[in-house]
Every structure is written in structure tokens, then in C-alpha cells.
Amino acid sequence: QRISIWGTHKQLGLGLWTVPLAGGEPLRSDISTDVEKRMREAGVILGRFVWSPSGSTLFFEGTARGVTNLWQITVDPKTLRWVAGPERLTTGPGIDSDVTVSADGKKLAFTTRREETRIWVLPFDPITAQVTGAGQPATPVGVEAWTGDLSRDGKKLAYIALRPGKEELWER
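Presented here is an overview of the structure given in this document. Worth saying up front: this structure is predicted, and the values here are computed from it rather than measured.

This part takes up the sheet that holds strand E7 (residues 82–88). Across the sheet, which stays open at both edges, the 4 strands sit in the order E4-E5-E6-E7 with antiparallel pairing between neighbours. Pairing within the sheet leaves two strands with one partner each, and these edge strands are strand E4 (45–51) and E7. Geometrically, the sheet is characterised by an average inter-axis angle of 25° between neighbouring strands, direction not taken into account. Of the strand pairs in this sheet, strand E5 (residues 57–64) and strand E6 (residues 67–75) are connected by 8 bridges, and their pairing is antiparallel. Counted as the bridge partner of Thr 57 is Thr 74 from E6. The sheet strands contacting helix H1 (residues 33–42) are E4, E5, E6 and E7, and the helix crosses E7 at an angle near 20°.

Listed below in C-alpha cells is the structure:
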């Protein structure tokens, strides 16, 4: 019965704007002071969203402290005012996205992506410019590894290791 988009109005700024499909004026969702405060405290940045069939809940991808999970906000379906939340629904370390809700509103489905960045080492012939064998990972599982630099003899690898809350220089 309506379509909603994140958008910026020239005078009113960024907001969630909803327009009835039958036509009419767009309505900007008002956010209660409590919801605004809780969003600021959580440090959540809203992403892709979907409405519940009843129009009383807004499910969205939210990124807080570098992790993207699913969240919800309770909405007054008549005024579209955000009245409660945000509430985190998932807590995994992956990227939770592509949320969808069943027609009866009783089930959510979503995608969880887990990305891993590792440094691999390949034997290489610089004269023929050819890889001469199978590669193998040079950095451990579970540690994001970036900006590798091999020693001249190829026996040592220095790289940046990213772990939650830490950025370290590692050598192997």
C-alpha cells in the first residue's frame, strides 16, 4: 500500500520517506527522542530495510562498531513514528544482509556472509613470469592479513594483522 525510501529533502534533510501507492504527499517518519538516543548510543548506521506486513516493524541491516547485523525498530503504523528500538536481532561476526519477511510476518530470512582476507604465497619464476607450483596460505585462519611484503630471499613475510580492536605488524 506504500513505498518507502531513504532520501534527502532540500529543507528537511535525510529521513525515511513513505508515499502511498495510491498517490498523495510523502510522509517523513518522525523519530522519538528515546529511539534517537538509543541509535546514537548503539552507534548504528542504517542500511537496507524491509517493512513487516503489519507495518509496525522496520527490519534493517545495521552496522555498529564495524559489524553488520539485523536490527528492528517498532513503528506506529498510522503515523510511521519510530517508537521503540533499535533492537539487535542477530549477533554473529559475519555480514547479515538481504533481510526478507514472510507474508504472515512470522519468519525472517537473511544472508550471512563471512569474508576472510589471507595472504597466499605462490612459487614463481621471474624469468618466465610463470607460477611454478601450488599456492598455500601464509597467514593464519581468523586473522585478517593485509599489505604483505616478502623479504628479498622470500623466506620472511611481514604483514598487517587486523584483529578485533587491534592492528599489529606480524612476521612469518
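From this point, the narrative continues.
Tracing the chain through its elements places Leu 108 in strand E9 (residues 108–113). Leu 108 sits 49 residues away from Phe 59 along the chain, and the two C-alpha atoms are 9.2 Å apart. For Leu 108, the residues in contact, after removing those within four places along its chain, are Phe 59, Leu 89, Val 99, Thr 100 and Val 101.

Before going further, it helps to examine the pattern of salt bridges. As enumerated under the stated definition, the model contains 3 salt bridges in all. Between Arg 81 and Asp 30 there is a salt bridge, with its nearest N and O atoms 2.2 Å apart. Of this pair, Arg 81 sits in the loop between E6 and E7 while Asp 30 sits in the loop between strand E3 (27–28) and H1, and the two are 51 residues apart along the sequence. Exposure remark for Asp 30: the relative accessible area of 41% places this residue in the partly exposed category. Lys 156 is the salt-bridge partner of Glu 171, the closest N and O atoms lying 3.6 Å from each other. Of this pair, Glu 171 sits in strand E16 (residues 166–171) while Lys 156 sits in the loop between strand E14 (144–150) and strand E15 (157–163), placing them 15 residues apart in sequence. Take Glu 171: its relative accessible area is 59%, and that puts it in the exposed class.

Looking now at the sheet that holds strand E2 (residues 13–20). Pairing in this open sheet of 3 strands is antiparallel, and the strands run E1-E2-E3 from one edge to the other. Unpaired on one side and paired on the other, strand E1 (2–9) and E3 mark the two borders of the sheet. Where E1 meets E2, 8 bridges bridge the pair, whose relative direction is antiparallel. Residue pairing for E2: Ile 5 is matched across the bridge by Trp 17.

Turning our attention to the pairing of strand E8 (residues 95–101). Summarising the sheet, E8 and E9 pair through 5 bridges and their orientation is antiparallel. Counterpart to Val 101 in the pairing with E9 is Leu 108. A loop of 6 residues connects E8 with E9, the two strands running antiparallel in sequence, and Gly 105 in this loop sits at a positive phi of about 75°.

By secondary structure assignment, the location of Asn 69 is in strand E6. Looking at Asn 69, its side chain comes within polar contact range of the side chain of Thr 90, at 3.5 Å. In this structure the side chain of Asn 69 is engaged in a polar contact, spanning 3.2 Å, whose partner is the side chain of Asp 96. In this structure Asn 69 touches Phe 60, Glu 61, Gly 62, Arg 88, Thr 90, Thr 91, Gly 92, Gly 94 and Asp 96, once residues within four positions along its chain are discounted.

On to the nonpolar core. Grouped together as the largest cluster of nonpolar side chains are 15 residues, with contacts concentrated most on Val 44, Trp 51, Leu 58, Val 75 and Trp 82. Secondary structure elements with two or more residues in this core: H1, E4, E5 and E6.

About the thresholds
Residues numbered from 1 in each chain as written. Predicted model: local features only at pLDDT ≥ 70, side-chain atom pairs only at ≥ 80, totals over all residues. Heavy atoms only, no water. Pairing = 2+ DSSP bridges. Helix = DSSP H or I, 4+ residues; strand = E, 2+ residues; numbered from the N terminus. Axes fitted to C-alpha atoms, helices over the stretch in contact; angles between N-to-C directions. Contact = heavy atoms within 4.5 Å. Salt bridge = Lys/Arg side-chain N within 4 Å of Asp/Glu carboxyl O. Buried < 20%, exposed > 50% of the residue type's maximum accessible area, 1.4 Å probe, protein only. Polar contact = N/O pair within 3.5 Å; in protein donor to acceptor, adjacent residues only side chain to side chain. Core = buried A, V, L, I, M, F, W, Y, C linked by side-chain atoms within 4.5 Å.

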